[in-house]
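Tertiary structure, described
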Amino acid sequence: MATVALLVKDLREHRTAALLLALGCLAVVLLLLAQNAQSAYSMSAFEIVRFALLSFLPLVALIIGNRLIVREYLSGTRLYVEALPIGSTLPLVLKYLLGLLYLSFLSVAMVLLAANQSGIADDVTRNYTLLILGKTWVMTILYWSVVFCFSLCGYLRIALYLVSAALVALLAYYPGIDADRFPPFALMDDQLFVFERDSVPWFDIGGTLLISLVFTLTGFLLTRVGEGSVVERLAKPMTRRDFVALGVLAFAGLALWSALLENKQREPVEFSSQQVVRLNDPSVAVLYLDDAYKESAQIIATRTHDSLTKLQATLGLAQLPRVKLALIPSREKHDIDYATADGVLISANWLEHDSYDDAILDSVLMHGVLSSQTGGRAMFEPYHWVLDGFTRWWVEQGDQQLDSQHAAELLARALWVIDRQPLAHDLVQRWQLTADQFSYPSAEALAWSAMTYLEHSQGRDRVIALALEFLTQPIGSSLLSTIQDRRESVQLRVERVIGMELNEFYRQWKQWLEEQRADKFVQSLRDTIPALAGRVDSDTDASGVHRLQASYVAISPATTDPAIAPGQCIMKHDYLGPFDTEFEVTDDYEDISDCTIGEAVHVVNSVYSPGDRVFIALDYENDVFHQPLRLHAERLTIQ
Amino acid sequence: MIRLIIKEFKQLLPIAYLWLAVLLLGYCVQVLTERLDEETFSSWCEGYCDYSSNATVAIFSVLLALVTAYSLFPREHDESTIDYLRALPISRRALFIAKIAAAWLLLCGINVLSYSIDAVLLASNPESIGGNFYTQVWVTLLWRDCLFAFIILSHGVLLSWFRTLGLVIYGIYLLALMWAESYEGTSGYWSIFSLLSNEYEGSKLVANYQALAIHAAAAVLMLIVAYRLWNRTESSASGAQKYPRRIRFLYGVLSVAGFALLAMILAYRVGVGTGTAVDDRLKVAATEHYRFVYDASRQELVDYIVDNAESDLSALGQLLGVDELPRIRVDLSATSEHAAGLAKWKKIQMDLDAFEQDVSQRRVLSHETTHVLQAVESDRALAKNYSAVKFFIEGMAQYTSFEVVPEIERRQSNWSLASVSWKRQKIGFDDLINAPEFAKRFDAELHYSLGDLWTKAFVETCGTDALGNFLRAAGRQGAVQDLPAAIFWRDTTRQIGCDLDTVNVNWDKLMQALYDQVDQRDYPSYTDITIQRNSSTGQIRISARLKALTQSDNHTDPSATSDTNADYNLPDRFIIRIGSVSTNLAASVDPVYRGQLIGTGTDQRVEFLVPDSAVTGSRFRHQLGFTASADARYYYERWRRGTVAESSGQP
């Protein structure tokens, strides 16, 4: 009798809301089904059931929990019910069953509507319907159990819902956790929930029911602890301070999660092929693809291994990153890919390399090794010149005799940069600008010449000391590490190592560089560079067609011959983002032509439009220099 | 008034502490995990200042403003403290304005503080290029965020009168925006997220002024309504029921209206799109592993498909080394505007109108069946690494289906197109393994044909068994989840004893060999592009000329080569794809429009007429394409950015 009376009381209190909610839900389901039937990518009406379970059924459960339980507990009306001679458990059991029954009714109705909507192509058999019905009902029980338990937690429930949502998100998206392999996630799998009809996921169903049981029992236990005093306390309003504390807690959890995601570690990946030359301590692996290239791979592996061993001993490095080189015979010889996410991985074609090309490749490799050693800090502009200069210096003369032809080419290039941009000597503060304007090979030559002068004037040990100062200590990723690293200015650190003022060093180095101009090899190489400057014009004609035109002008009065240079002029260009960062233009968009003066040599039609930002580089290539020389570079906003 | 604002501000202090704590935590994480002096303006702005807008980031600002708004009035009424305020000799309007002003000032203060700290941190970067600071962008973002906070705060003040229901209403509003973006491609000025959309002229940020003005005006109106509602609402201690009858009635009406709104959106969608055949015309045919449902009028075609289905499945099973073939249900009665076939787990859906030839339909079945086998053999692992393997999922399905059901001419045509795209657009393996970036730069459909060729190189390098072995290796127990794409590929290929670099080398060779065989006259290039908006017709006219492209070793940039005397074969159809103007709240499809030839002789141009609504503001992304024949795939050039010139007259 009491049971009936309690049920009637709840039904009378909530009948309108329950009816409206049910009608609303079913209307939405019907319309979703109608929409699904017409949708181009829908494949089954039962997809709507899964969608409903993931979207609005949890919300419906929340609303029901709020009306049936929360309101009664927060307003204190449950005390009147508990005062009745029926005990405190029966009303709660009835509420649990009533809520479950209501949600089950909605779930079953959804599945049956979907089954009714399904066509012959869906092959809706009794077993299939029962399977979908079973999965849906189990999920409904889970939702209601969670809502039932949390609803008894009074004002704390909101925080609990938030924490649960965060936990679900963590399990679903945390790398390394495959949530689709355990309940309840596995039960709701995107593909299996609707389309797996041959096997029943008993494990997932059982697991989900077990979780539901835990929540249900926890809810009931909560009302028994201290004869309901815990529930009583939780039903008291939360202060703003409580909210603030919870908010901070939630965001701290979020921050912790972000940090966990950032710091996830994994095993390094190695080459698996049989065609790999492997050397250990330090680890060097060279993939050569074809037996015909085995000898070349052995040579480069041995050379790299020897160089790394000496570098390790010289700089006193405890450990070096794993170095992997992959031979890509179809590549152009200077097309080198470089990645440091997993040790140092270089992809290149060294089959047609001469000794200078080998030095370029080795520099890139050492660049990767030392960059990894500092946790990427060596790429920071004030130190970058040390990295570039030292790696090239190490490759050229660090562990072997300097080749005079290499030296001449590097010096000619460095002199050309200084001639074109006298401010380029400021290695600490203008490194990015120099590399931007003259490209990395020229910037590297400049830094190499500075290192060479340092060795020439103060001995090899000073060069090593400079590397020890900037390239050997791993710099952590934190503000503290940054402050420690920058507590002394770069200028002072350099001056301390080289034992003189930086400006004085610049002056002496430039003077030395000038003296090298007299070297006949250097002079002959320098003379092959045409006295040309590039010019870029952006123009939109009357019909609205945009053109980007590049031409060359003589910067020396003696240069009047239209076909001034025996080499070729290359225009490279690409989109830039709105904000400046270091940018290395690739050859994705390039135009190669003879270098003639006066007329538009390169015309780019309708690729860019007003408002775009474009990087344009005009390079010169000849048979003498191994890498192009940048005659002009510009970051242009198209008007 | 100022004292009143200060008083309200003090009232909001707990909320202020909360936001400050959130801000502080954010900076703590940054301070503990980043080298702050390496932060560039670009990296600081990433995800928020990109072209278009990012709804995910904006949602945080929305939450911040809504929570603040909800803390203004409801609690004052629940705890009856509003009665004390109303007893003061201050007008209710002043009280209302003071609360709004205090809340807005709080949000502005949080923004100013956050932006100022960021500016100081950015100033610590000494780099000559990376250390550049963009004052105009910083200032524009700051005032825009403050205005956005005001707009959302106004929404929140009104919604808070409806309490929880207000949040439901806002949820429905967001749902409606998602629907609009999914199916219409844009939610236009209705979307609050359009307020945070970005466009740039060079490095100058151009805010969406029109949307900001409309929403600001709407926000003021909402505040007036909210004022009237709150002004007439008594506190709970004044004898007012927490949920009086009229409010309950209103709740009921609004609940029904909410569902009705959703229903209307869905009902609208019901009238749009494609249909399925009526059930009474459908028949069923079954084989050992397939169950086909088809329209009786397609009996002959279906007989052909059914006759070959088992042998094709068996061949596919052998190619992939499948021990146990699954039972697959195939719906041949579907129609679709977007795909010839779809597969999900063990179900396939095909549109028999997608191709004319029977053999093509049979091949589509093999393609989709391969997807089923991929999912089963990899235990759904490929779908979990979708971005990294999309080209391989589609490429493998193309490869196996063409191997089992040869369509030499079609495949060759696809390959030619792929090789031209590969060469001219310089597509590498690194591009293939990043599906979203690939779609931003190239034609996403190229995943099929480029993937087919990559799979061919993969099989030639690692053996036929490698296909199935790769699937099983991807889904093996203990496979690390969410690896970066390049590492996932190296890790998985290593598992099957195959070297990725070798495959890529062979793929390059294959592509080059194919490219060398292509008649370049079939692939001209667009040039002389003009873009004009005609406000009288509500259209944007995009016009371009075609030119021959004689590819020589010296010219790898199609835009830079021009041989006006060279011939080209006039394509059969022309097309333009316009970058969607959605705010990324939901997935949407980039709309395409057909073009037509106008003019004659040397004055011949291709003209595209694009509705004004497809482009927001004056700048947009577009991709021009054409096809040599109606039955071949479209060749698309790279995406470009265009700027619309205004024109009021006829072209």
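So, how was this worked out
Counting restarts for each chain: residues are numbered from 1 in the order of the written sequence. Chain letters start at A and ligand numbers start at 1, both assigned in the order the entries are written. Owing to the predicted nature of the model, reporting of local features is limited to residues with pLDDT of at least 70; listing and counting of side-chain atom pairs is limited to 80 or more, with chain, interface and lining totals taken over all residues. Secondary structure is summarised from DSSP: a helix means a run of H or I of at least four residues, a strand means a run of E of at least two, and numbering begins at the N terminus for each. Comment: burial labels come from other C-beta atoms within 10 Å of the residue's own C-beta, placed from the backbone, where a count of 20 or more is buried, 12 or fewer is exposed, and between is partly exposed. By definition, residue pairs are in contact when their C-beta atoms, positioned from the backbone, come within 7 Å. The globule rule is 2.2 Å times the number of residues to the power 0.38, and the radius of gyration it is compared with is taken over C-alpha atoms. At least two DSSP bridges between two strands are needed for those strands to be called paired. With axes taken as lines fitted to C-alpha atoms, and helix axes fitted only over the stretch in contact, angles between N-to-C directions fall between 0 and 180 degrees. The term nonpolar core refers to a set of buried Ala, Val, Leu, Ile, Met, Phe, Trp, Tyr and Cys residues connected through C-beta atoms within 7 Å. Residue ranges for the domains originate in an automatic or database domain assignment. Think of it as three bins: nonpolar holds Ala, Val, Leu, Ile, Met, Phe, Trp, Tyr, Cys and Pro, charged holds Asp, Glu, Lys and Arg, and polar takes everything else, Gly as well. Viewed with both strands pointing away, a crossover whose connecting path from the first strand over the helix to the second turns clockwise is right-handed. What pLDDT reports is the predictor's confidence in each residue, on a scale of 0 through 100. Angle categories: roughly parallel below 35 degrees, roughly antiparallel above 145, roughly perpendicular from 65 to 115, and oblique for all the rest. Less than a right angle of anticlockwise turn of the near helix away from the far helix marks a crossing as left-handed, whereas a clockwise turn marks it as right-handed.

A few words on the overall build of chain B. Looking only at helices and strands, one finds 22 helices and 16 strands in chain B. Within chain B, the fraction of its 651 residues that count as buried is 40%. Contacts in chain B between residues at least 24 apart in sequence constitute 71% of all its contacts with a sequence separation of at least 6.

Below, the discussion takes up the overall build of chain A. Broken down by element type, chain A carries 22 helices and 12 strands. Taken against the 2.2 N^0.38 rule, which gives 26 Å for 639 residues, the C-alpha radius of gyration of chain A at 36 Å runs more than 25% over that of a compact globule. Along the longest, intermediate and shortest principal axes, the C-alpha atoms of chain A span 115 × 60 × 55 Å. By residue count, 41% of the 639 residues in chain A fall in the buried class. When contacts within chain A are restricted to residue pairs at least 6 apart in sequence, those whose partners lie at least 24 apart make up 69%.

Picture the strands of a sheet paired through backbone hydrogen bonds; they go either parallel or antiparallel. Residue and element names in this part refer to chain B. Strand order in the open sheet made by the 5 strands is β3-β4-β5-β7-β6, with mixed pairing throughout. Edge positions in the sheet fall to β3 (282-286) and β6 (341-344), since each of these pairs with one other strand and no more. With strand direction ignored, the average angle separating the axes of adjacent strands in the sheet is 15 degrees. Of the strand pairs in this sheet, strand β4 (residues 290-295) and strand β5 (residues 328-331) are connected by 4 bridges, and their pairing is parallel. Considered in β5, the bridge of Tyr 290 is made with Ile 328. Across the sheet, helix α12 (residues 299-320) is in contact with β3 and β4; its angle to β4 comes to roughly 175 degrees.

Judged by nonpolar contacts, the single largest core of 145 residues is most densely connected at Ile 48 and Val 49 of chain A together with Leu 450 of chain B. The leading source of residues in this core is helix α6 (residues 126-151) of chain A, at 13 residues. Not counting residues within four places of it along the chain, the set of residues in contact with Val 49 of chain A comprises Met 110, Val 111, Ala 114, Ile 132 and Thr 136 of chain A. If you look at the next biggest cluster of nonpolar residues, it comprises 107 residues, including Leu 325, Ala 443 and Leu 631 of chain A together with Val 505 of chain B.

All names here are of chain A. Ordered by their spatial adjacency, 5 strands build an open sheet running β1-β2-β3-β5-β4, and the pairing between neighbours is mixed. This sheet does not close on itself; its edge strands, each paired only once, are β1 (276-279) and β4 (337-339). Averaged over all neighbouring strand pairs, the angle between strand axes comes to 10 degrees, with direction disregarded. Here helix α13 (residues 355-373) sits on the sheet in contact with β3 (323-327), β4 and β5 (344-348), set at roughly 160 degrees to β5.

This next bit is on the domain arrangement of chain A. Accessible area lost when the parts come together is the quantity often used to give the size of an interface. Residues and elements named next belong to chain A. Under the domain assignment, chain A is made up of domain 1 (2-261), domain 2 (270-373), domain 3 (380-527) and domain 4 (532-637). Relative to domain 4, the C-alpha centre of domain 3 lies at a distance of 28 Å. Opposite the 11 residues of domain 3 that make contact, domain 4 presents 10 residues. Of all the secondary-structure elements, those providing two or more residues to the side of domain 3 that touches domain 4 are α15 (404-420), α16 (431-438) and α17 (440-458). Residue classes in the side of domain 3 that touches domain 4 are distributed as 5 nonpolar, 4 polar and 2 charged.

Further remarks concern the pairing of β5 of chain B. Residue and element names in this part refer to chain B. Burial along β5 is two-sided: the residues Ile 328 and Val 330 and Arg 329 and Asp 331 are all buried. Taking the sense of rotation as the criterion, the β-α-β connection linking β4, α12 and β5 turns out left-handed. The sheet contact formed by β5 and strand β7 (residues 347-350) spans 3 bridges and is parallel. Paired with Arg 329 across the bridge in β7 is Lys 347.

This brings us to the environment of Thr 68 of chain B. Residue placement: Thr 68 of chain B occurs in helix α4 (residues 55-70). Here the alpha-carbon distance between Thr 68 of chain B and Val 606 of chain B, two residues 538 residues apart in the chain, equals 54 Å.

A few words on the environment of Tyr 568 of chain B. All names here are of chain B. Looking at where Tyr 568 falls in the secondary structure, it is placed in the loop between β9 (539-547) and β10 (573-578). Looking at Tyr 568, the number of C-beta atoms within 10 Å reads 18, which means it is partly exposed. With 53 residues separating them in the primary sequence, Tyr 568 and Arg 621 have C-alpha atoms 27 Å apart. Residue contacts for Tyr 568: discarding those within four places in its chain leaves Arg 521, Pro 524, Leu 546 and Ala 548.

Looking now at the confidence of the model for chain B. For residues with low pLDDT, the predicted coordinates do not support detailed interpretation. All names here are of chain B. Model confidence for chain B is summarised by a mean pLDDT of 85, while 87% of its residues fall at 70 or above. Here helix α11 (residues 245-270) stands out as the least confident element of chain B, with mean pLDDT 60; helix α19 (residues 446-462) is the most confident, with 96. With pLDDT under 50 throughout, residues 269-277 is counted as low confidence; its partners more than four residues away or in other chains account for 23 contacts. Considering only residues more than four positions removed or in separate chains, one finds that residues 552-556, a stretch of pLDDT under 50, has 7 contacts. On the interface metric, ipTM, the complex scores 0.81, and its pTM is 0.80.

For the peptide bond that leads from Pro 183 of chain A to Pro 184 of chain A, omega is 0 degrees, which places it in the cis range. With respect to the element layout, Pro 184 of chain A can be found in the loop between α7 (157-173) and α8 (192-195). A cis amide bond links Asp 281 of chain A with the next residue in sequence, Pro 282 of chain A, at an omega value of 0 degrees. Within the element layout of this structure, Pro 282 of chain A appears in the loop between β1 and β2 (284-287). Unusually for a residue other than glycine, Asp 123 of chain A sits at a positive phi of about 50 degrees. Tracing the backbone shows Asp 123 of chain A in the loop between α5 (89-117) and α6. Non-glycine residue Trp 345 of chain B carries a positive phi angle of around 50 degrees.

A few words on the packing of α6 of chain A against helix α9 (residues 202-224) of chain A. Residue and element names in this part refer to chain A. Two elements in contact, α6 and α9, have axes separated by 8 Å at closest approach and are oriented at 25 degrees. Classified by the angle between their axes, α6 and α9 sit roughly parallel to one another. In this structure, α6 crosses over α9, and the sense of that crossing is left-handed. Contact residues: Gly 134, Val 138, Met 139, Ile 141, Leu 142, Ser 145, Val 146, Phe 148 and Cys 149 in α6; Ile 205, Thr 208, Leu 209, Ile 211, Ser 212, Phe 215, Thr 216, Thr 218 and Gly 219 in α9. For the contact of α6 with α9, the class distribution of residues is 11 nonpolar, 7 polar and no charged.

Moving on, we get to the packing of α6 of chain A against α7 of chain A. All names here are of chain A. Two numbers describe how α6 lies on α7: the axes approach to 9 Å, and their chain directions differ by 140 degrees. Classified by chirality, the crossing of α7 by α6 is right-handed. Contacts between α6 and α7 pair Val 146, Phe 150 and Ser 151 from the former with Arg 157, Leu 160, Tyr 161 and Ser 164 from the latter.

Residue and element names in this part refer to chain B. Within the secondary structure layout, Phe 574 lies in strand β10. Taking the C-alpha atoms as reference points, Phe 574 and Ser 401, 173 residues apart in sequence, are found 29 Å from one another. Those residues in contact with Phe 574 that lie beyond four places of it in its chain are Arg 594, Gly 595, Gln 596, Val 606 and Phe 626.

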